[in-house]
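These are the residues of each chain, in order.
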Amino acid sequence: MHKGVAGDQRESNVVGPFSWPGRYVVMSNQAEPTRPFPKSIDPLYVKHYEGLKRGEVLVPCCRDCKALQWPPRVMCDECHSIDFDQVAMPTRARVFSYVTVNRAFHPWFAARAPYFTVLGDFGNGVRMLGLLRDASADGVGCDQEVEVGFDSVGEFAVLEWRLADETAA
Ligand SMILES: [Zn+2]
């Protein structure tokens, strides 16, 4: 029997409360699908997710050479130090790339399709993926300014991008 993700999708053709095979758990027992979230957070990302709950996008920064490390690593990829601070990213970024998702892989996302996944560039070497909220089909393009936003998922929060109000810059 095929054990891959595609096979799992076919076998779990369930509407309502369900468990995404292996990696995700639904944060509610309501019939309405809720946003998926990892069952456990990698220890390297714990401070990042704690920051998101407080409305900050934190990225590890090497104490020795000041290099930002994203994604987080055990060891600085510039100087091999294992000493890090957490640095807050700017509240705005520019769209480096984006994807229009027409066919979602999960019921929570399916209710929002078509939607955009944006790779936002903070201008300091760090780029982060996030869903773009409240954008129309012609509302996004490369180099467009976006703002950091947050969405609560159970006791956690995730980064979302919002179109920036250019006049408020
Ligand atoms: Zn370093």
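Residues numbered from 1 in each chain as written. Predicted model: local features only at pLDDT ≥ 70, side-chain atom pairs only at ≥ 80, totals over all residues.

Draft legend 1. Local environment of the nonpolar core. Grouped together as the largest cluster of nonpolar side chains are 15 residues, with contacts concentrated most on Val-57, Val-118, Leu-132 and Val-146. Taken together, the elements giving at least two residues each to this core come down to strand S5 (92-101), strand S6 (115-121), strand S8 (145-153) and strand S9 (156-163). Looking at this core element by element, the count peaks at three residues for S5. A domain-level breakdown of this core finds at least three residues from each of domain 1 (14-88) and domain 2 (92-168). With residues up to four places along the chain from it excluded, the contact list for Val-146 reads Arg-92, Ala-93, Val-95, Val-118, Gly-120, Leu-132, Trp-161, Arg-162, Leu-163 and Ala-164. (Core = buried A, V, L, I, M, F, W, Y, C linked by C-beta atoms within 7 Å. Buried ≥ 20, exposed ≤ 12 C-beta atoms within 10 Å, placed from the backbone. Helix = DSSP H or I, 4+ residues; strand = E, 2+ residues; numbered from the N terminus. Domains from an automatic or database assignment. Contact = placed C-beta atoms within 7 Å.)

Draft legend 2. Broad picture of the sheet that holds S8. If you trace the five strands once around the closed barrel, you get S5-S6-S7-S9-S8, paired in mixed fashion. Averaged over all pairs of adjacent strands, the angle between strand axes in this sheet comes to 45°, irrespective of strand direction. (Pairing = 2+ DSSP bridges. Axes fitted to C-alpha atoms, helices over the stretch in contact; angles between N-to-C directions.)

Draft legend 3. Expanded view of the confidence of the model for the protein chain. Residues of the protein chain with pLDDT of at least 70 account for 79%, and the chain-wide mean is 84. Across residues 1-21 the pLDDT falls below 50, and counting only partners more than four positions away or on other chains, this stretch makes 14 contacts in the model. (pLDDT = per-residue confidence, 0-100.)

Draft legend 4. Up close: the pairing of strand S7 (residues 127-133). Examined bridge by bridge, S6 and S7 share six bridges and lie antiparallel to one another. Across the sheet, Val-118 pairs through a bridge with Gly-130, a residue of S7. Count of turn residues in the S6/S7 antiparallel hairpin: five residues, of which Gly-123 carries a positive phi of about 85°. Two elements, S7 and S9, share three bridges in a ladder whose sense is parallel. When the sheet's bridge partners are listed, Leu-132 is paired in S9 with Trp-161.

Draft legend 5. Structural context of unusual backbone geometry. The step from Trp-70 to Pro-71 runs through a cis peptide bond, and the omega angle for that step is 0°. The omega torsion across Ala-113 and Pro-114 is -5°, close enough to zero to call that bond cis. Of note in the backbone geometry, His-80 takes a positive phi value of approximately 70° without being a glycine. Considering the arrangement of structural elements, one finds His-80 in the loop between strand S3 (58-62) and strand S4 (84-88). Positive phi is not limited to glycine here, since Asp-143 has a value of about 75°. Among the secondary structure elements, Asp-143 is positioned in the loop between S7 and S8.

Draft legend 6. The arrangement of the environment of Tyr-98 in detail. On the secondary structure map, Tyr-98 appears in strand S5. Tyr-98 sits 44 residues away from Cys-142 along the chain, and the two C-alpha atoms are 7.3 Å apart. When residues no more than four places from it in sequence are discounted, the contact partners of Tyr-98 are Phe-116, Thr-117, Val-118, Leu-119 and Val-140.

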